[in-house]
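Examining the three-dimensional arrangement
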Amino acid sequence: MKTYVLSLLIVLLSASSAFAQSSVAPKGLGKTQNTRKEIVIPRVGGYNVYKADLHTHTLHSDGDVSPALRVEEAWRDGLDIVAITDHMEYRRIERQMYPFIKGYIREDLQAEGKAVNTNVLNKAPDSYGVLPDFNIGYEKGAERGAKLGIMVIKGVEITRGNEGDYNALFTTDNNKIYDPNLEKTIRNAREQGAFIFHNHPFKFSSQYAKRQSAHCAYLYNGGLIDGMELANGFYIWNNLIDYCFNNDYTPIATSDVHDLITTRFPGAGREYFRNMTLILSKKCDNKSIKAALLAKRTIAYCGNVLIGNEYLLSELFKACVEIETIAVGQHSKRVLITNRSSLPYSFRWESGKESFVAGLSATVIEVDKGCKLLGLEVTNMKCGTRKSPVVFFKLK
């Protein structure tokens, strides 16, 4: 009996050891870095809809990850375009690395004993400006982007505290942009053909909802601003939406991510997607995407809210949604609404009735039997501070 018990114990321990060492993960699922979540959006008015994040940071300023990882995150999240826009004036991580990377700073300036200014927010800039290589973050990100097939835009964030913060996209040499004077810095970027947008305009919004703020009015009046970041993270500056469209600026939504994107948007890919700017363009290259931004063919997406001009929002909704009468009763008829996109939509019809259709799903609503033209007010779309587009569909 003792021998039997001992033998059984040995068998059980061997089985336990085998289970502990075996893998239960299905084949291939361990390589999550190779998995991309596609965001399906049909063509709109003959244009492809490209998903872009135009404001991100890496360890080459005050971000916590490498440019390569930042690009990989964007690719995995289903984006087509990501801009590396590290700060020029605030580069916290690099400052910590300087003692260990002597060769990082230009040798001629290092030999002359010139100061390295890593934070002009807290002290006056010296006459030599900021000396690190401002192109390196983009270059490293672009290397990874080329392997993944995602477009990486060269850019930089111009950070001036009370004077406002601004992103310059499609720059050619970030090392030739900085100047202690903000307007001169922006004009330097303009000379390289940069597209300029106003980042997180909270002061502009909270203090001066109906008039321009003194801290940036001269830039707007001087024609130096092309777009406005209406959404940053989970914040939407609702009272600037009218100003943006009435004055013909390009609407932008960005992540402004510094840490991991999963920390910035913990529910992304489930309840919502990370912030993105939808860009309508026939091609995905620098020339075409820049032209689309200048032409204001963009829709800002933030937490399932879509912000754009009324025409573009209506065209997007019509491209995504199909309407079909499926049954006719004595007093009403049932209408099937099918959403062919990954974007969810909330809508209202017939004096306040409300419904919702999730991405790549369908729902059924009831309308009056005599309804031949169904108007849907898409309530999670904003074409003004208090305005949503109404899109009409013919019914049989």
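Let me sum up the structure you'll find in this document. Small disclaimer: the values here were computed from a predicted structure and weren't measured. (Residues numbered from 1 in each chain as written. Predicted model: local features only at pLDDT ≥ 70, side-chain atom pairs only at ≥ 80, totals over all residues. Heavy atoms only, no water.)

Counting 50 residues, the largest nonpolar core has Leu306, Leu316, Leu343, Tyr345 and Leu374 as its most contacted members. With residues near it in sequence (within four places) discarded, Leu343 still touches Ile41, Phe273, Met276, Leu278, Tyr301, Leu306, Leu316 and Gly359. (Core = buried A, V, L, I, M, F, W, Y, C linked by side-chain atoms within 4.5 Å. Buried < 20%, exposed > 50% of the residue type's maximum accessible area, 1.4 Å probe, protein only. Contact = heavy atoms within 4.5 Å.)

Next up on the list: the sheet that holds strand β15 (residues 353–357). Taking strand neighbours across the sheet as the criterion, the four strands line up as β15-β14-β17-β19 in an open arrangement whose pairing is antiparallel. Edge positions in the sheet fall to β15 and β19 (390–394), since each has one partner strand and no second. Looking at each pair of strands side by side, their axes are set apart by 35° on average, direction ignored. Pairing of strand β14 (residues 345–349) with β15, which is carried by five bridges, proceeds in the antiparallel orientation. Bridge pairing in β15 places Tyr345 opposite Val357. The strands touched by helix α12 (residues 310–320) within the sheet are β14, β17 (373–378) and β19, with β19 carrying the most contacts at an inclination of about 40°. (Pairing = 2+ DSSP bridges. Helix = DSSP H or I, 4+ residues; strand = E, 2+ residues; numbered from the N terminus. Axes fitted to C-alpha atoms, helices over the stretch in contact; angles between N-to-C directions.)

Structurally, Glu38 is set in the loop between α1 (2–21) and β1 (48–53). Glu38 sits 42 residues away from Asp80 along the chain, and the two C-alpha atoms are 9.9 Å apart.

Here we take up helix α2 (residues 67–76). Residue pairs spaced three or four apart in an α-helix point in one direction, given the helix's 3.6 residues per turn. Burial analysis of α2 places seven of its 10 residues in the buried class, which makes it a mostly covered element. Those residues of α2 not exposed but buried are Pro67, Arg70, Val71, Glu72, Glu73, Ala74 and Trp75. The secondary structure elements touched by the buried residues of α2 are β2 (81–84), α5 (136–148), β3 (151–159) and α10 (261–264). Positive backbone phi, approximately 90°, marks Gly78, located one or two places after α2.

Attention now goes to the packing of α2 against α5. At a minimum axis distance of 7 Å, the contact between α2 and α5 shows a crossing angle of 40°. Our classification of the angle between α2 and α5 gives oblique. Along this stretch, α2 crosses α5, giving a crossing that reads as right-handed. Residue-level inspection shows Pro67, Ala68, Val71, Glu72 and Trp75 of α2 in contact with α5, the latter providing Gly137, Lys140, Gly141, Arg144, Gly145 and Leu148. Tallied by class, the residues present in the contact of α2 with α5 amount to five nonpolar, three polar and three charged. (Parallel < 35°, antiparallel > 145°, perpendicular 65-115°, else oblique. Left-handed = near helix turned anticlockwise from the far one by under 90°. Nonpolar A, V, L, I, M, F, W, Y, C, P; charged D, E, K, R; others polar.)

What follows is about unusual backbone geometry. In the Ramachandran plot, Asn304 falls in the positive-phi region, its phi being about 70° despite a non-glycine side chain. On the secondary structure map, Asn304 appears in the loop between β10 (298–302) and β11 (305–307). Take Asn304: its relative accessible area is 18%, and that puts it in the buried class.

What follows covers the packing of aromatic side chains. Inspection of every chain in the model, using the stated rule, returns 10 aromatic pairs. Taking 5.6 Å as the distance between ring centres and 85° as the angle between the ring planes, the aromatic pair formed by Phe234 and Tyr272 counts as edge-to-face. One end of the pair, Phe234, is in the loop between β6 (227–232) and β7 (235–236); the other, Tyr272, is in the loop between α10 and β9 (276–281), and 38 residues separate them in sequence. Seen from their ring centres, Tyr243 and Tyr249 are 6.1 Å apart, and the 15° between their planes marks the pair as stacked. Each member of the pair Tyr243 and Tyr249 is classed as buried. Ring pairing ties together the aromatic residues Tyr220, Tyr243 and Tyr249, which thus form one cluster. Between the NZ or CZ atom of Lys282 and the centre of the ring of Tyr47, over which it lies, the distance is 5.8 Å. (Phe/Tyr/Trp six-rings, centres within 6.5 Å; stacked < 30°, edge-to-face > 60°. Lys NZ or Arg CZ within 6 Å of the ring centre and 35° of its normal.)

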